[in-house]
Every structure is written in structure tokens, then in C-alpha cells.
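Inside the fold
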Amino acid sequence: MNTEKKNSARLFLAVFPDDAVKSILDKETTLLQKKYPLPGLKWTVPAQRHLTLKFLGDVSPGEKERLIQRLDALCPRLRRPRLLPKAYAFFPNRRRARVLYLGLEENAALSALAREIDACASECVPGASSTPFRPHITLARMGRRFSGHAALTPLAGETARPWRQEVDGFVLVESRLSASGAKYTPVHTFFLPETK
Ligand code: 2AM
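Cut-offs applied
- Residues numbered from 1 in each chain as written.
- Predicted model: local features only at pLDDT ≥ 70, side-chain atom pairs only at ≥ 80, totals over all residues.
- Heavy atoms only, no water.
- Helix = DSSP H or I, 4+ residues; strand = E, 2+ residues; numbered from the N terminus.
- Expected span 1.5 Å × (residues − 1).
- Buried < 20%, exposed > 50% of the residue type's maximum accessible area, 1.4 Å probe, protein only.
- Arc of directions from axis to C-beta.
- Contact = heavy atoms within 4.5 Å.
- Core = buried A, V, L, I, M, F, W, Y, C linked by side-chain atoms within 4.5 Å.

1. Some words on helix α3 (residues 61-74)
Over its 14 residues, α3 runs 20 Å from end to end, which matches the ideal 20 Å to within 8%, given 1.5 Å per residue. Among all positions of α3, only Leu67, Ile68, Leu71 and Leu74 are buried. Down the axis of α3, the buried side of the element spans an arc of 135 degrees, and every buried residue falls inside it. In this structure, α3 carries Gln69 and Ala73 as exposed residues pointing more than 90 degrees from its buried face. Buried residues along α3 sit against β1 (9-15), β3 (51-59), α4 (108-124), β9 (169-176) and β10 (183-191).

Right, here's the structure in full:
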């Protein structure tokens, strides 16, 4: 294995909720946990909840440095979008759900931010995943043996309690996988200019 590959890190770009939103998500998720105490439903840790803007996968040190430089240079030309919650939903669908998430509103500014980041990231990290952008915050994951899909039916499409967050930046995060779950470490923060 060459050194670049050996030193690669599993990275993604994400927006983390601010403290007020974190607290709302925490309360809402606690209510959901009480309402749906289903075995095999693994709830995300509050500090790790985020909106993934772009999953990059394994990135070499050289690719990482180039990406940071390019995104830092791009940020002053980008706009701050707003995050607004929509409804609870499932990936890939309710019947075969593997993920329970809170869907976010797809507004033009948020799509534009994701598009610009995607173009820049794909150039700097040619092997980056090309999953289409579906703004969401993952709340729980289902293990292989999860069998509570029918019990979750009432939650599909249920509107979430409203909140809003202006996105003033985003973070490059390293994800280290282990038996006890993923550990996220922030690598670099990108700042978006104030809206005039
Ligand atoms: P999520 O945003 O739906 O939770 C780090 O793994 C983050 O990147 C996770 O939050 C994960 O999903 C997101 N992600 C997107 N595409 C991924 C992929 N192909 N493999 C792993 N994680 C991915």
C-alpha cells in the first residue's frame, strides 16, 4: 500500500446544529425514543447529529490539503442558507427502513451551497461518493435484525416541531469507525460570509 493511501482518512463535510437547535432535536428525539422503544433501533448521539453536505470517503493527505485550500477560497463567494425541518422519514423507504431521519426543507440557497461544495470536492477528491444531496439529519439506524418497521408507520411524514438555523459555516469531519460506533473529529471549519 502506498503511503498516501495508508495515511488516508474517512472524511465528510457537514453542518452541525447550533445549541438551540441541538436542544430541540434532543427533546424531540427523547420523545420519539419513549414513543417507539423498539429493540434494534440505534439512536444517534446528540453531539454527532448533523446535516451531511458531502460524503467524501477515503481521502489522501494531499487531497485533503487541496480540498481545504479550495473550499477556503470558495467560501467568500457563497451565501448562508437556512435550515428548516420538514418531516420524519426513512431511507431507503418505510418498509425496508435502515435509517430514520428528519428531512430538511430543500431551498435554493441550501441546494446551491451543496452543489458548489460537490463540484469543488469532486475535483479535489476524484473518488468521492456521488450520492445525490437529500438534506436530512439522521436520528436512528436500524440493525440487520430490526423488525419494528410496522410499528414506525405513524411516524412516516409526521411534521417536526419548527425551528430555523442560519448556516454560518460547515465542517470537514473525520469519521473513525469502531465496534462501538463512529467517532467524529472536526478537521477544519469553513466560514460563510454574513448575508448583506
Ligand atoms: P447520514 O448523513 O445519512 O447520516 C459519515 O459517515 C456521514 O456521512 C454519515 O452521517 C452518513 O450518512 C454520511 N454518508 C453519506 N453517504 C455515505 C456513504 N456512502 N457511506 C457512509 N456514510 C455516508
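Following the structure, the description resumes.
2. Things to note about the nonpolar core
Grouped together as the largest cluster of nonpolar side chains are 50 residues, with contacts concentrated most on Leu13, Leu56, Leu71, Leu152, Trp163 and Phe170. The greatest single-element share of this core, amounting to six residues, is contributed by α4. Every residue in contact with leucine 56, bar those within four places of it in the chain, is listed here: Leu11, Phe12, Leu13, Leu67, Ala121, Val125, Gly127, Ala128, Ser129 and Leu172.

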